[in-house]
Amino acid sequence: MTIYNLGSINIDHFYRVPHLVQPGETLTAKTYSMGLGGKGANQSVAAARAGAVVRHIGGAGPEGWAVARLEALGVDCRFVEQVSAPTGHAIISVDDAGENTIILYAGANREFALSGVTLALAGAGAGDTLLIQNETAHQVAAARMARERGMKVIYSAAPFDVVAVQDVLPYASLLALNAVEAEQLSAALGTVLANLPVPEVLVTRGAQGAEWCDLRSGRSVVHPAFPVEVIDTTGAGDTVAGYFAAALDEGLTVQAALRLATAAAALKVTRAGTADAIPTRAEVEAFLKGMG
Ligand code: RIB
């Protein structure tokens, strides 16, 4: 089936720094690079590289190369609207431990029309999946439309925004969070994850691996992280979300999907960058073979 992704498209500016900048500090970067990113685009690339058919929905500015790169990485961009606002961008600092800070400028990601989302989802139905995150416009409307059409809705609550989560959650089939976002959500709602009004939750915990939980039955599946040398953790959560969605779409079990997604993220963190650093399915399978 098809994975639709209402997702951001960003131009990522990467600065390698000796440590993350402190308030009032001026810091000289060791290196600079630029590439395709955005939580949405990263998830689309991950799902496409896992082998899924992926249609990206969103907006981009007139500069053009980011969408061309997304297409070159195997994502169908016919539902990406070109608008006059600049393409979204991110200023990303990565320290020697591979940790990051990110400043986002939404730009075109919040400027495209809802009619494009409606048009894109008009051809979707049961068995298809909608991915959404918090970096675009129209998440709630898209999630509602998708559920009305019988689609699975996988929602990454990133960047964290409690109001956005509360608005989207009634339509989500699966909520994906990292450990920090899970704590923020629990604190904001004054409840534990197990009490959330959503059928399934996927929590990524960096070096501690990932956990999927069916909140209706209480069944959970945990997968430890693979030990690797960390170069850059940026986009690791997006890699998990995209690979996990693609694996479920392919019909893999949750256990197998979590193993594949965790391995993909392990390979991603050994590489600098975001969309271009997400491994192919063949690379992930070879990595897993090497793990025995
Ligand atoms: O999750 C990583 C992504 O967050 C980056 O690619 C950046 O563009 C921001 O959206």
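Shown above is the structure to which this text applies.
Residues numbered from 1 in each chain as written. Predicted model: local features only at pLDDT ≥ 70, side-chain atom pairs only at ≥ 80, totals over all residues. Heavy atoms only, no water.

## A look at the overall build of the protein chain
Keep this limit in mind: Only runs of H or I of at least four residues qualify as helices and only runs of E of at least two qualify as strands under DSSP, and these elements are numbered from the N terminus. For a compact globule the rule gives 2.2 Å times the number of residues to the power 0.38, and the radius of gyration it is set against comes from C-alpha atoms. Here the term buried applies to any residue with accessible area under 20% of the maximum for its type, exposed to any over 50%, and partly exposed to those in between, with areas from a 1.4 Å probe on protein chains only. The Shrake-Rupley method, run with a 1.4 Å probe sphere, supplies the accessible areas, and residue values consider only the shown protein chains as cover. In this count, Lys and Arg are taken as positive residues and Asp and Glu as negative ones, while His and the chain termini are left out. Note that the charge is assigned to NZ on lysines, CZ on arginines, CG on aspartates and CD on glutamates.
The helix and strand tally for the protein chain stands at nine helices and 13 strands. For 292 residues, the compact-globule formula gives about 19 Å, and the C-alpha radius of gyration of the protein chain, at 18 Å, lands near that figure. With the C-alpha coordinates of the protein chain rotated into their principal frame, the extents come out at 50 × 50 × 40 Å. By residue count, 54% of the 292 residues in the protein chain fall in the buried class. Looking at the protein chain as shown, the accessible area adds up to about 12,000 Å², and 55% of this sits on carbon and sulfur atoms. Where the 20 positive side-chain charges of the protein chain centre and where its 28 negative ones centre are 6 Å apart.

## Some details on the pairing of strand S7 (residues 100-105)
Threshold: Being paired, for any two strands, means DSSP has found at least two bridges between them.
Of the pairings in the sheet, the one linking strand S6 (residues 88-94) to S7 comprises six bridges and is antiparallel in character. Counterpart to Ile 92 in the pairing with S7 is Ile 102. Between S6 and S7, which pair antiparallel in sequence order, lie five residues; one of them, Gly 98, sits at a positive phi of approximately 85°.

## Digging into the packing of helix H8 (residues 254-269) against helix H9 (residues 281-291)
To be explicit about the condition: Helix axes are fitted to C-alpha atoms over the stretch in contact, other axes to C-alpha atoms as well, and angles between N-to-C directions run from 0 to 180 degrees. Throughout, the term roughly parallel applies to angles under 35 degrees, roughly antiparallel to angles over 145, roughly perpendicular to angles from 65 to 115, and oblique to all others. Between two residues, a contact is recorded if the distance between any of their heavy atoms is within 4.5 Å. For this classification, the nonpolar set comprises Ala, Val, Leu, Ile, Met, Phe, Trp, Tyr, Cys and Pro, the charged set comprises Asp, Glu, Lys and Arg, and every other residue, Gly included, is treated as polar.
The contact between H8 and H9 brings their axes to 9 Å, and the two run at 100°. The orientation of H8 relative to H9 falls into the category roughly perpendicular. The residues of H9 that touch H8, namely those facing Arg 259, Leu 260, Ala 263, Ala 264, Ala 266 and Leu 267, are Arg 281, Glu 283, Val 284, Glu 285, Phe 287 and Leu 288. Here the contact of H8 with H9 is built from residues that sort into eight nonpolar, no polar and four charged.

## Examining the pattern of salt bridges
Where we set the bar: Salt bridge, as applied in this entry: a Lys or Arg side-chain nitrogen positioned within 4 Å of an Asp or Glu carboxyl oxygen.
The final tally for this structure, using the stated rule, is twelve salt bridges. Here Asp 76 ties to Arg 55 by a salt bridge, and the two come within 3.4 Å at their closest N and O atoms. Linking Asp 76 in strand S5 (residues 76-82) with Arg 55 in strand S4 (residues 53-60), this pair joins segments that are 21 residues apart in sequence. For Asp 276, the salt bridge identified is with Arg 69, shortest N-O distance 2.6 Å.

## Some remarks on the site of the ligand
Stated formally: Residues are classed as near a molecule or strand on a simple rule: at least one heavy atom within 4 Å of it. Side-chain atoms alone can form a polar contact between residues adjacent in sequence; in general such a contact is a pair of N or O atoms within 3.5 Å, and within protein one must be able to donate a hydrogen while the other accepts it.
The environment of the ligand is formed by 15 residues, the closest being Asn 10, Asp 12, Gly 38, Glu 135 and Asp 238. In this structure, an oxygen atom belonging to the ligand sits 2.6 Å away from a side-chain N or O atom of Asp 12. The side chain of Asp 238 places a nitrogen or oxygen atom 2.7 Å from an oxygen atom of the ligand. Counting only elements with at least two residues in the shell around the ligand, the list comes to strand S2 (10-16), helix H1 (39-50), S6 and S7. Of the residues assigned to the shell around the ligand, the class counts are four nonpolar, seven polar and four charged.

## A word on the nonpolar core
Note the cut-off: In plain words, nonpolar cores are sets of buried Ala, Val, Leu, Ile, Met, Phe, Trp, Tyr and Cys residues tied together by side-chain atoms within 4.5 Å.
With 51 residues, the main nonpolar core has Tyr 243 and Phe 244 as its most contacted residues. Looking at this core element by element, the count peaks at ten residues for H8. The residues touching Phe 244, leaving out its near neighbours within four places in the chain, are Leu 174, Leu 202, Trp 212, Val 254, Ala 257, Leu 258 and Ala 261. Counting 39 residues, the second-largest nonpolar core is a separate cluster that includes Ala 143, Tyr 155, Leu 196 and Val 203.

## Description of unusual backbone geometry
In the segment running from Ala 158 into Pro 159, the intervening peptide bond is cis, with an omega of -10°. Along the chain, Pro 159 turns up in the loop between strand S9 (152-156) and helix H5 (162-168). Within the chain, His 138 stands out as a residue other than glycine whose phi angle is a positive 70°. Note on placement: His 138 falls in the loop between strand S8 (129-132) and helix H4 (139-148). Among the residues examined, His 138 registers a relative accessible area of 24% and is labelled partly exposed.

## Overview of the packing of helix H3 (residues 114-122) against H4
What counts is decided by this rule: In this scheme, a crossing is called left-handed if the near helix is turned counterclockwise away from the far one by less than a right angle; it is called right-handed if the turn is clockwise.
Axis separation between H3 and H4 bottoms out at 10 Å; the angle between their running directions is 20°. Of the possible angle classes, the one that applies to H3 and H4 is roughly parallel. Two packed elements cross with a definite hand, and for H3 against H4 that hand is right-handed. Contacts from Leu 114, Val 117, Thr 118 and Leu 121 in H3 reach Ala 141, Ala 142, Met 145 and Ala 146 in H4. Class assignment for the residues of the contact of H3 with H4 results in seven nonpolar, one polar and no charged.

## Observations concerning the packing of aromatic side chains
Which entries qualify depends on this criterion: Side-chain rings of Phe, Tyr and Trp (the six-membered ring for Trp) are treated as a pair once their centres are within 6.5 Å; stacked means planes under 30 degrees apart, edge-to-face means over 60, and tilted covers the remaining angles.
Going through the model one piece at a time under the given rule, you end up with two aromatic pairs. Consider the rings of Tyr 15 and Tyr 32, whose centres lie 5.2 Å apart with planes at 45°: the pair is tilted. Placement of the pair is Tyr 15 in strand S2 and Tyr 32 in strand S3 (residues 31-37), with a sequence separation of 17 residues. Assessed through its relative accessible area of 46%, Tyr 32 is described here as partly exposed. Relative to Phe 287, the ring of Phe 226 has its centre 5.4 Å away and its plane inclined at 80°; by these criteria the two rings are edge-to-face. Placement of Phe 226 in the loop between strand S13 (220-223) and helix H7 (236-250) and of Phe 287 in helix H9 is noted, with a sequence separation of 61 residues between them. When its relative accessible area of 14% is taken as the criterion, Phe 287 is described as buried.

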